[in-house]
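Close look at the chain arrangement
Residues per chain are reported as follows:
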Number of protein chains: 2
Amino acid sequence: MPRYVAIKQSICDAVRDGRLNPGDRVPSEAELVQQFDVSRMTANRALRELQAAGVVVRRAGSGSFIAEPKPIGQMIEIRNIAEEIRERGHAYRARVIQNREERANVETAPLLEVSVGTKLFHSIIVHHEAEFPIQIEERFVLASIAPDYGTLDFTRMTPNEYLTRIAPLERVEHRVCSTMPDERMRGMLGLSDGEPVLQMTRRTWSRSRLVSHAWLTHPGTRFELSAAFSIDD
Amino acid sequence: MPRYVAIKQSICDAVRDGRLNPGDRVPSEAELVQQFDVSRMTANRALRELQAAGVVVRRAGSGSFIAEPKPIGQMIEIRNIAEEIRERGHAYRARVIQNREERANVETAPLLEVSVGTKLFHSIIVHHEAEFPIQIEERFVLASIAPDYGTLDFTRMTPNEYLTRIAPLERVEHRVCSTMPDERMRGMLGLSDGEPVLQMTRRTWSRSRLVSHAWLTHPGTRFELSAAFSIDD
DNA sequence: GTTCATAAGTCGTCTATACAACTTCGCCGA
DNA sequence: TCGGCGAAGTTGTATAGACGACTTATGAAC
């Protein structure tokens, strides 16, 4: 294995293990030169590529630091819905329908790819934008990765915000489809008859495991999902 | 400007101008050393970063070449719907409803951010998966970028396929929402009453211009949009 | 105490060189 | 004609050294 890759992996491993957290200082190029007995150019390449990957941020004269939770993926923004709403200048409010610990059954176990009986949390939250329900979030979380998930107050911090804080995001998968809501959904979202919903299934991986499965349901007429991608020089 | 950036830009410019096309050979590191009077490490960095950006592919022993149209964006796959259907093992068929040249009017001009009167093509195509309509594609294309768009046979090559061939994709923007179809849509997609659709608005840029605006409408129950993103070491 | 100059630490870039691995192609011999 | 060998070209990686720009802390001068 190339030596610059070994350096990158050692730092990525430290992030995955929690030995390095967002904001923490990463060894400087000079220190890596000593630790790994490489030339400075090799240490430089390792850190430079980690910066390109968004793992660290570097400031000339200051040092290299683990990047904040996630500048987000490249496209579909994994942003905090609370922030998003506040940026639009509206009040944000959350109503927690439920948040309890469960054992995975034959229906829920496949969602997180675990065996039946595994402990997990099951939360349902309705997010409001200025009194109007804008998203229903039904989420399953691996209990082992977030043991105190059941005690959190999601009116103060969204599950997304909490999870990106305690578990470094490694991979995200989205599926989007358009359906008609069932009666319960319709009630929670305050929809009139015949209004469709946009349903997004979001799965997130951390520390090499699938840790969360969420259904995010929006009123089709009150929500747009936006994504952009561009190449640069 | 750093010298490796100057090299990258010169190559990116050549791609944008059409002087370099997919598959074309890019000057080797040794040639760049002579052309730009830099050290090989500097030329190497320029080409290496272009490879990371997906602009070129490099093969040890062989050379560096402009990458194929697009390995796709990073997430939402800009894939050929025909390929996608065939990969699922079904027959693909397209029905061209219209394909004509128009002048931009007050409604269509803003879509491509051009002034009223600009020549553009307006095509409507229904894509079928094994007899079932799976997508309606209504698209506006800047005529100046694709002068022969009006003469193409879209039952043999999709607009997407054609456009990515003649114009290097620089930026893509997606917006997704869920709505109820109007009567005409419902007919074309063969939907029963009360079935919602997933409507995606896709805008693509090439050579620094917005060149295409497309509405892609899918039956909500017969389509899923999928996207994934992951960081690697 | 405040302000300013200086020094140390750090990253950003660039050079010159070296060796290894791989690809391609031509040449030579069987 | 076919096969194999080797040379030339190309990329991948690594080293040692250099200079510049920026940040931070230290300490001196006011």
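For chain A, the name recorded in an unreviewed UniProt entry is Histidine utilization repressor, with Sphingopyxis fribergensis as its organism.

With that out of the way, let us pick up the environment of Val126(A). Residues and elements named next belong to chain A. Residue position: valine 126 is located in strand E5 (residues 119-129). Residue class for valine 126 comes out buried when judged on its relative accessible area of 0%. Once residues lying within four places of it in the same chain are set aside, the contact partners of valine 126 are Arg93, Ala94, Arg95, Ile97, Pro133, Gln135, Ile136 and Met188.

Here we take up the confidence of the model for chain A. Keep in mind that low pLDDT regions are not for reading the predicted coordinates in detail. Of the residues in chain A, 87% reach a pLDDT of 70 or more, and the chain-wide mean stands at 83. The element-level mean pLDDT for chain A is lowest in strand E10 (residues 225-230) of chain A, coming to 59, with helix H2 (residues 29-36) of chain A highest at 95.

All chains considered together, the criterion is met by 24 salt bridges over all chains. Glu101(B) is the salt-bridge partner of Lys119(B), the closest N and O atoms lying 3.8 Å from each other. Taken together, the residues Lys119(B) in strand E5 (residues 119-129) and Glu101(B) in strand E4 (residues 92-103) connect sequence positions 18 residues apart. Overall, Lys119(B) belongs to the partly exposed group, its relative accessible area being 40%. Put simply, Lys8(A), Arg45(A), Glu49(A) and Arg48(B) are held in one network by salt bridges that share partners.

The strands making up a sheet associate through backbone hydrogen bonding, with each pair oriented either parallel or antiparallel. All names here are of chain A. Strand order in this open sheet of three strands is E1-E3-E2, and the pairing throughout is antiparallel. In this open sheet, the two strands that pair with only one neighbour each are strand E1 (25-26) and strand E2 (56-59). In this structure, E1 lies alongside strand E3 (residues 63-66), joined through two bridges in antiparallel fashion. Each residue of the ladder has a partner; that of arginine 25, found in E3, is phenylalanine 65. Contacting E1, E2 and E3, helix H3 (residues 40-52) runs over the sheet at an angle of about 115° to E2.

Below, the discussion takes up the protein's contact with DNA strand D. Around DNA strand D, the surrounding shell holds 25 residues, and the nearest of these are Arg3(A), Thr42(A), Arg40(B), Arg58(B) and Gly61(B). Considering the 4 Å shell around the protein, atoms of DNA strand D inside it are sugar or phosphate in 62% of instances. Note that a phosphate oxygen of DNA strand D is positioned 3.0 Å from one of the backbone N or O atoms of Glu29(B). When contributions to the surface near DNA strand D are tallied by element, the ones reaching two or more residues are helix H1 (3-17) and H3 of chain A together with helix H3 (40-52), strand E2 (56-59) and strand E3 (63-66) of chain B. Considering each element in turn, the surface near DNA strand D owes the most residues, four residues, to H3(A). Along the lines of polarity and charge, the residues of the surface near DNA strand D split into seven nonpolar, nine polar and nine charged.

Rules used throughout
Going along each chain's sequence as written, the residues are numbered from 1 onward. By the order in which they are written, chains take letters starting at A while ligands take numbers starting at 1. Residues qualify for local features only when their pLDDT is at least 70, as the model is predicted, and side-chain atom pairs are given and counted only at 80 or more; totals for whole chains, interfaces and linings, by contrast, use all residues. To obtain the side-chain values, all non-hydrogen atoms of the structure were included, while hydrogens and water were left out. Secondary structure elements follow DSSP: runs of H or I of four or more residues count as helices, runs of E of two or more count as strands, with numbering from the N terminus. Exposed residues in this analysis have more than 50% of their type's maximum accessible area, buried residues have under 20%, and partly exposed residues fall in between, with area computed by a 1.4 Å probe over protein chains only. We call two residues in contact when some of their heavy atoms are within 4.5 Å. Looking at any residue, its pLDDT shows the predictor's confidence there, from 0 to 100. A pairing counts as a salt bridge when a side-chain nitrogen of Lys or Arg comes within 4 Å of a carboxyl oxygen of Asp or Glu. When DSSP finds at least two bridges between two strands, those strands are taken to pair. Whenever a helix is involved, its axis is fitted only over the stretch in contact; in every case the axis is a line through C-alpha atoms, and angles between N-to-C directions fall within 0 to 180 degrees. Throughout this document, a residue counts as near a molecule or strand when at least one of its heavy atoms sits within 4 Å of that molecule or strand. In protein, a polar contact means a hydrogen-donor-capable atom and an acceptor-capable atom, both N or O and within 3.5 Å, with residues adjacent in sequence counting only if both atoms are side-chain atoms; elsewhere, any N or O pair within 3.5 Å suffices. All residues other than Ala, Val, Leu, Ile, Met, Phe, Trp, Tyr, Cys, Pro, Asp, Glu, Lys and Arg, Gly among them, are scored as polar; the first ten of these are nonpolar and the last four charged.

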